[in-house]
Amino acid sequence: MSGKRIRLLIWKEFTQLRRDPLLIRLLLVMPVAQLILFGYVVAVDIRNLATAVVDLDRTVTSRKLEAAFSGSGYFTITQTPRTEDDLRPLLDRGTVKVALVIPEGTQDRLTRGETAPIGIIVDGSDSQISAVGSGYASQIVAQFNADRREASGVAIEAPGIDARVRVMFNPTLDPVNTMIPGLIAAIMMISLMVIMSQAVVKERESGTLEQMFVTPIKATEYLIGKLTPYAALATAQMLLVAAGGLFWFRVPFNGSVWVVLVGLTLFMFTCIGLGLLVSLVSRTRHQAQQAVMFIMIPTMVLSGFIFPIQSMPAIIQPLTNLIPLTFALQVLRGAFVKGSDFAALAVPMLALVGFGVVIFGASIVATRRRIAE
Amino acid sequence: MPALPTTPAPPPGADAIRARGLRRTFGDTVAVDGLDLDVPTGAVFGLLGPDGAGKSTLIRMLATVLAPTAGEATVFGHSVVTERDAVTPRIGYMSQRFSMYPDLSVAENMEFFATIRGVGRADRRTRARQLLEGMGLDEFTTRQAQFLSGGMKQKLMLATTLMHRPDLLLLDEPTTGVDPVSRREFWRILAGLHADGRTVLVATPYMDEAERCTHIAFLDGGRIRQHGTPDEIKAKVPGRLLEVTAADPRAAMAVVDGVAGVTSAHLLGDVVRVLWDGAGDPAPTLASALAAAGVRDVGVRPVAPDMETVFAYLADPSTRAADAEPEVAAS
Amino acid sequence: MSGALVRMGAIVRKEFRHLGRDPRMLLAVVITPVIQLLLFAYAISFDVENVPTIVIDLDRTPTSRSYLEKYEASPFFEVVEHGSTLADVDDAFDHNTARVAVVISAGFARTLDGGGQAQVAVLVDGSEPTAAKVAQTYSVALNQLYTQQLTRAWADAQGLDLSSLGMLEPRVRTWYNPERRSSDFLIPGLMVVIIAIVTVQQTAVTLVRERDLGTQEQLEVSPMRRIELMVGKLLPWTLIAFLDVVMITLLGRALFGIPLRGQPVALALGAALFVFASLGMGLLISAIAPSMDTANIIALLIAFLPSFLLSGFAFDLAQVPIVLQWLAYAFPAQYMVTISRAVFLKGAGVADLWPEFAALAAYAAVMLGISSLLYGRRSSR
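Residues numbered from 1 in each chain as written. Chains lettered and ligands numbered in written order. Predicted model: local features only at pLDDT ≥ 70, side-chain atom pairs only at ≥ 80, totals over all residues.

### A closer look at the overall build of chain C
If you tally the helices and strands in chain C, you get 14 helices and 5 strands. For 381 residues, the compact-globule estimate of 2.2 N^0.38 gives 21 Å, and the C-alpha radius of gyration of chain C, at 29 Å, exceeds that figure by more than 25%. A principal-axis box enclosing the C-alpha atoms of chain C has dimensions of 95 × 45 × 40 Å. Out of the 381 residues belonging to chain C, those deemed buried represent 52%. Sequence-distant contacts in chain C: of pairs separated by 6 or more residues, those separated by 24 or more amount to 79%. (Helix = DSSP H or I, 4+ residues; strand = E, 2+ residues; numbered from the N terminus. Rg over C-alpha atoms; globule rule 2.2 N^0.38 Å. Buried ≥ 20, exposed ≤ 12 C-beta atoms within 10 Å, placed from the backbone. Contact = placed C-beta atoms within 7 Å.)

Here it is as structure tokens:
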């Protein structure tokens with residue numbers, strides 16, 4: 001191993017990078033674009049759902065209920081059709097996503113001490129909205145009942161439950177707080193896998209890889225020389241995302257920097273290994289790109305980066321353990337949001353070690369064999 | 001979409017190509033610099049010149065794939081800028097790079113390009129068979145183009161270019177990177193086309209190929225420096241050509257270069273080619289000068305000028321300066 | 001004109017030959033969509049249910065157990081662990097084995113019997129906000145309901161006036177997708193994303209490739225018109241995109257029972273317009289990109305990210321900042337997602353969706369027009 005040769009290779013890689021202005025711009029634009037898209041589109045709190053209210057009761061109670069809905073911030077009453085039949089076209093066109101139907105005689109029933117049904121219609125063609133919307137609606141109605149009860153004298157003497165629901169770690173429940181730590185891991189994977197595999201395949205395409213191996217450069221030296229610049233670039237991108245998250249989205253950081261660093265370092269080996277494996281199976285850059293897509297799509301879907309693992313069907317959930325990003329996310333989110341320490345994150349850390357050893361090891365062995373051929 | 005105009009046959013002897021003040025710039029670089037060119041119908045016109053002389057740019061403008069920055073050019077009397085539709089059916093253009101689909105077979109490539117050129121189905125078959133046989137490619141019709149050797153690739157391109165029987169062939173360095181046997185064969189095919197009465201404009205960096213042309217032009221710095229028949233060009237080299245052999249050719253060249261009357265001296269292999277424009281008999285003068293300088297084993301003999309030397313002379317900036325009047329109009 | 005048809009036919013045949021020679025291409029246009037379909041339809045769900053819950057019952061009475069049964073019975077909570085001390089909560093949260101903890105303090109039953117307010121602490125792990133929000137919502141609702149029942153039973157026993165205890169009962173109806181299967185929600189939108197990726201990605205390189213191979217110049221010296229080349233290039237991809245539409249529709253019906261309530265004609269018309277719009281976008285990239293690499297990257301940025309994130313396919317556009325909503329209008333995917341979802345699930349027809357159809361048609365016309373223009377300008381420089 002010669003430090004001089006490695007330095008030479010690193011210099012060459014950086015020189016080539018500098019000559020590719022598009023790539024440089026892309027490397028800068030990509031984290032920013034992802035920060036914006038994931039921060040504002042994916043990690044969005046569902047609020048202000050367009051809501052129609054059909055008030056057939058027209059009483060103080062019905063108006064109070066309406067006020068409870070619009071005051072919650074989750075629903076914005078945009079339409080007040082006269083009959084239930086008028087709801088159909090509104091939901092068909094997507095003008096409203098939720099409808100509240102207060103039947104005639106609701107107030108009368110309540111004062112008789114009966115249970116009065118009210119209709120809540122959610123647009124099931126949007127699963128996310130229907131799930132969240134019906135949850136909010138149930139909560140508002142429960143609160144409405146509780147307020148009514150408390151306003152009466154009965155509640156004072158009656159037994160009850162004083163439930164204190166407290167959200168730990170992320171009290172605002174802002175999804176950005178978990179999205180940004182996840183994005184840091186995701187961007188490392190994308191950068192290392194996409195850009196590095198492209199660089200290696202490009203070298204093979206232009207035939208300089210062959211040239212490289214008739215020189216005294218050793219396979220290990222070549223790998224280190226090739227990897228170092230991209231690891232540095234990925235680090236710069238991660239810092240950009242982290243800075244954007246901490247200062248723009250004001251994501252709190254509760255944990256230890258060491259946990260984050262160790263977790264990312266472990267994950268980096270997996271990412272590098274995947275990038276090398278992609279470049280080994282691809283003859284052209286176009287193929288490499290498609291191979292990357294082939295890995296990235298299941299990774300994005302199954303890692304819990306965008307869609308919570310919690311919501312996946314029970315048969316699918318074990319599959320998420322096959323995705324390295326799953327564990328990187330656990331480490332980063334644990335450190336950022338929960339302030340977890342090494343002991344608490346032992347399982348995902350060990351999993352990352354396992355993935356690193358297997359994937360990185362396999363890629364090194366395969367690359368060396370390929371080179372030796 | 002206008003209908004394809006029918007082109008009247010060119011009057012015999014008229015120019016196939018006529019360019020006036022043709023200029024093309026790429027940013028600040030001037031590739032073709034106000035060039036005039038006349039190529040008579042039926043000629044095999046060789047376009048010679050070093051890399052970067054502007055050969056490809058000129059050919060691409062004549063092939064209508066590149067618009068001139070200034071000036072005009074006509075092919076069979078039709079402007080390459082405003083009458084593309086009249087020009088393209090009459091020309092065949094072969095670019096310097098291999099430009100066929102690598103994943104399509106020889107037959108598929110030929111069929112595709114012939115179809116879009118409007119060659120009828122029956123005609124396509126017979127013509128493809130003839131051309132492939134004529135070029136010795138008939139064994140490879142089902143092979144994908146990417147798996148052909150360099151020479152075969154060039155022959156495939158030429159065969160494809162010939163499918164629609166163009167009257168004018170524009171060939172951009174068709175033999176670059178091709179082995180000598182294939183090159184000879186390629187020129188045999190061009191000779192056949194010439195015999196058929198077709199006009200060929202061929203760019204080449206090989207000086208020996210220039211001898212096979214009926215007309216040649218020497219292009220440098222985007223201008224035509226010399227043009228004429230090969231004999232006319234050779235006659236442009238003033239004085240006589242001599243070959244000097246010596247034990248140390250480099251030393252010999254250095255000595256010879258300083259002798260009065262010598263216009264240029266070039267090393268070619270291990271002989272020195274000397275151009276003599278002075279008075280008197282050069283051989284003894286040179287021999288005595290070399291002997292005086294202590295160069296051993298000296299031999300001096302006059303030789304007939306060949307293209308290689310002619311262009312070495314013409315391309316030499318020191319000699320060119322005296323000779324480089326931009327010439328207008330060809331023979 | 002017949003000459004034009006022959007030439008276009010030649011291009012179409014050639015494009016299919018390219019496809020046939022590259023088995024990976026087949027993978028990209030047939031296999032990958034199926035894998036994506038299965039992945040998204042099986043794995044993604046927005047309904048939060050069975051949130052793992054740890055309960056710590058420090059009271060250990062029949063009353064506390066009956067209270068906890070409410071959690072066990074709720075579809076939203078799944079009691080996975082019975083802890084004995086508060087340290088167990090920390091442990092469970094640290095190791096992600098539970099996301100909700102319910103802690104009943106000692107004296108729970110005694111307080112209730114005495115008519116008091118018994119304290120219960122519900123701790124929710126906020127590190128997965130979606131699940132946390134739902135857990136928070138439903139635990140509040142669950143406790144309110146339980147209190148209501150207690151009050152009612154107590155008032156009944158005391159023979160008091162029940163008028164203040166009338167309750168509103170929400171009856172949630174989910175239209176269009178009563179079982180709230182997220183596959184019903186995702187597949188119509190996913191179809192749009194897949195078409196966008198296949199078409200833009202592949203056509204983005206198609207013209208650049210001709211330029212890279214040098215065959216561009218050969219096409220230029222032929223009598224072929226720009227429009228003929230464009231049509232010849234688009235036709236195979238139109239067919240492949242339709243193959244993907246049909247494949248996804250059939251798989252969606254067979255495997256996931258997706259209803260197709262509207263007119264198939266409306267879907268086909270929408271798909272056709274969308275395919276043209278996407279292909280136009282791909283051609284535009286191809287016409288302006290200086291190299292294959294650049295074309296690839298632009299296609300990825302333009303086809304993948306916006307159609308995935310700004311189409312409303314999985315993420316509601318009404319919720320994003322207004323600037324991003326404007327940005328979303330600049331891409332055709334969101335119109336098609338609306339059409340696809342409305343036709344599949346709502347049984348809508350062309351008449352209901354004419355603004356979206358008009359937008360797609362305009363988009364396709366503009367894209368094809370511009371790319372045809374730009375391509376021409378570039379080729380003759």
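### A closer look at the environment of Ala-293 of chain B
Residue and element names in this part refer to chain B. Structurally, the position occupied by Ala-293 is in the loop between helix H10 (282-292) and strand S14 (299-303). Judged by the 15 C-beta atoms lying within 10 Å of it, Ala-293 falls in the partly exposed class. Between the C-alpha atoms of Ala-293 and Lys-153, which are 140 residues apart in sequence, the distance is 53 Å.

### A short note on the domain arrangement of chain C
In terms of domain boundaries, chain C breaks down into domain 1 (2-44 + 180-380) and domain 2 (51-165). Computed from C-alpha atoms alone, the centre-to-centre distance between domain 1 of chain C and domain 2 of chain C is 51 Å. (Domains from an automatic or database assignment.)

### Some remarks on the sheet that holds S14 of chain B
All names here are of chain B. Judged by pairing direction, the sheet is antiparallel, and its 4 strands sit side by side in the order S12-S13-S11-S14 without closing on themselves. Each edge of the open sheet is held by one strand with a lone partner, namely strand S12 (262-268) and S14. Between one strand axis and the next, the sheet turns by 25 degrees as a mean value, whatever way the strands run. Of the strand pairs in this sheet, S12 and strand S13 (residues 271-276) are connected by 6 bridges, and their pairing is antiparallel. Bridge pairing links Val-262 to Trp-276 in S13. Packing of helix H9 (residues 249-257) onto the sheet brings it into contact with strand S11 (240-245), S12 and S13, and relative to S12 it is tilted by some 170 degrees. Running over the sheet, H10 touches S11, S13 and S14 and is turned about 35 degrees from S11. (Pairing = 2+ DSSP bridges. Axes fitted to C-alpha atoms, helices over the stretch in contact; angles between N-to-C directions.)

### Observations concerning the interface of chain C and chain A
The interface is formed by 96 residues belonging to chain C together with 98 residues belonging to chain A. Taken together, the elements giving at least two residues each to the side of chain C that touches chain A come down to helix H2 (23-43), helix H4 (87-94), strand S4 (117-125), helix H6 (129-158), strand S5 (167-175), helix H7 (182-213), helix H11 (292-309) and helix H13 (333-346) of chain C. When residues of the side of chain C that touches chain A are assigned to their parent elements, the largest contribution, 22 residues, is made by H6 of chain C. Its residues placed into classes, the side of chain C that touches chain A shows 51 nonpolar, 30 polar and 15 charged. Here strand S4 (residues 115-123) of chain A runs beside S5 of chain C; their pairing, made up of 9 bridges, is parallel. Directly across from Thr-115 of chain A, in S5 of chain C, lies its bridge partner Met-167 of chain C. (Nonpolar A, V, L, I, M, F, W, Y, C, P; charged D, E, K, R; others polar.)

### Digging into the domain arrangement of chain A
Domain boundaries in chain A define domain 1 (3-43 + 174-372) and domain 2 (49-157). On a C-alpha basis, the centres of domain 1 of chain A and domain 2 of chain A stand 47 Å from each other.

### Let's talk about the sheet that holds strand S9 (residues 215-220) of chain B
All names here are of chain B. If you walk across this open sheet you meet the 6 strands as S6-S7-S8-S3-S9-S10, and the pairing is mixed. Of all strands in the sheet, those with a lone pairing partner are strand S6 (91-94) and strand S10 (223-228), marking the two edges. Recorded for the sheet is a direction-independent mean angle of 15 degrees between the axes of neighbouring strands. Along the sheet, helix H6 (residues 180-195) contacts strand S3 (44-48), strand S7 (168-172) and strand S8 (199-204); its crossing angle with S8, the most-contacted strand, is approximately 150 degrees.

### Re the packing of H7 of chain C against helix H9 (residues 226-256) of chain C
Residues and elements named next belong to chain C. Two numbers describe how H7 lies on H9: the axes approach to 10 Å, and their chain directions differ by 160 degrees. For the element pair H7 / H9, the angle class is roughly antiparallel. When you trace H7 past H9, the crossing you get is right-handed. In this structure, H7 contributes Ser-183, Ile-187, Met-191, Ile-194, Ile-195, Val-198, Thr-199, Gln-202, Thr-203 and Thr-206 to the contact, and H9 contributes Lys-233, Trp-237, Ile-240, Ala-241, Asp-244, Val-245, Ile-248, Gly-252 and Phe-256. When its residues are assigned to classes, the contact of H7 with H9 shows 11 nonpolar, 6 polar and 2 charged. (Parallel < 35°, antiparallel > 145°, perpendicular 65-115°, else oblique. Left-handed = near helix turned anticlockwise from the far one by under 90°.)

### Looking at the environment of Ile-339 of chain C
Structurally, Ile-339 of chain C is set in helix H13. Remark: the alpha-carbon pair of Ile-339 of chain C and Gly-115 of chain C, spanning 224 residues in sequence, is separated by 57 Å.

### Some details on the interface of chain C and chain B
Contact with chain C, which involves 23 residues of that partner, is made by 27 residues of chain B. Breaking the side of chain C that touches chain B down by element, the ones donating at least two residues are helix H1 (2-21) and helix H8 (215-220) of chain C. No other element matches the 8 residues that H1 of chain C contributes to the side of chain C that touches chain B. Classifying every residue of the side of chain C that touches chain B by side-chain character gives 7 nonpolar, 7 polar and 9 charged.

### Focus: the pairing of strand S3 (residues 100-104) of chain C
All names here are of chain C. Of all 5 residues that make up S3, 5 are buried, and the element is covered over most of its length. Side chains Val-100, Val-102 and Ile-104 project from S3 onto one buried face, and the interleaved Ala-101 and Val-103 project onto a second face that is buried too. Relative to S3, strand S1 (residues 51-57) runs parallel, the two sharing 5 bridges. Considered in S3, the bridge of Val-55 is made with Val-102.

### Observations regarding H10 of chain B
Spacing of three or four residues puts side chains on the same side of an α-helix, whose turn is 3.6 residues. Residue and element names in this part refer to chain B. Every buried residue of H10 is accounted for by Pro-282, Leu-286 and Leu-290. Summarising the axial view, the buried residues of H10 lie within an arc of 55 degrees, below the 170-degree limit, and thus occupy one face. Opposite its buried face, H10 presents the exposed residues Pro-284, Ala-291 and Ala-292, each directed more than 90 degrees away. In this fold, the buried residues of H10 make contact with S11, H9, S13 and S14. Gly-294 occupies a position one or two residues after H10 and carries a positive phi of about 85 degrees. (Arc of directions from axis to C-beta.)

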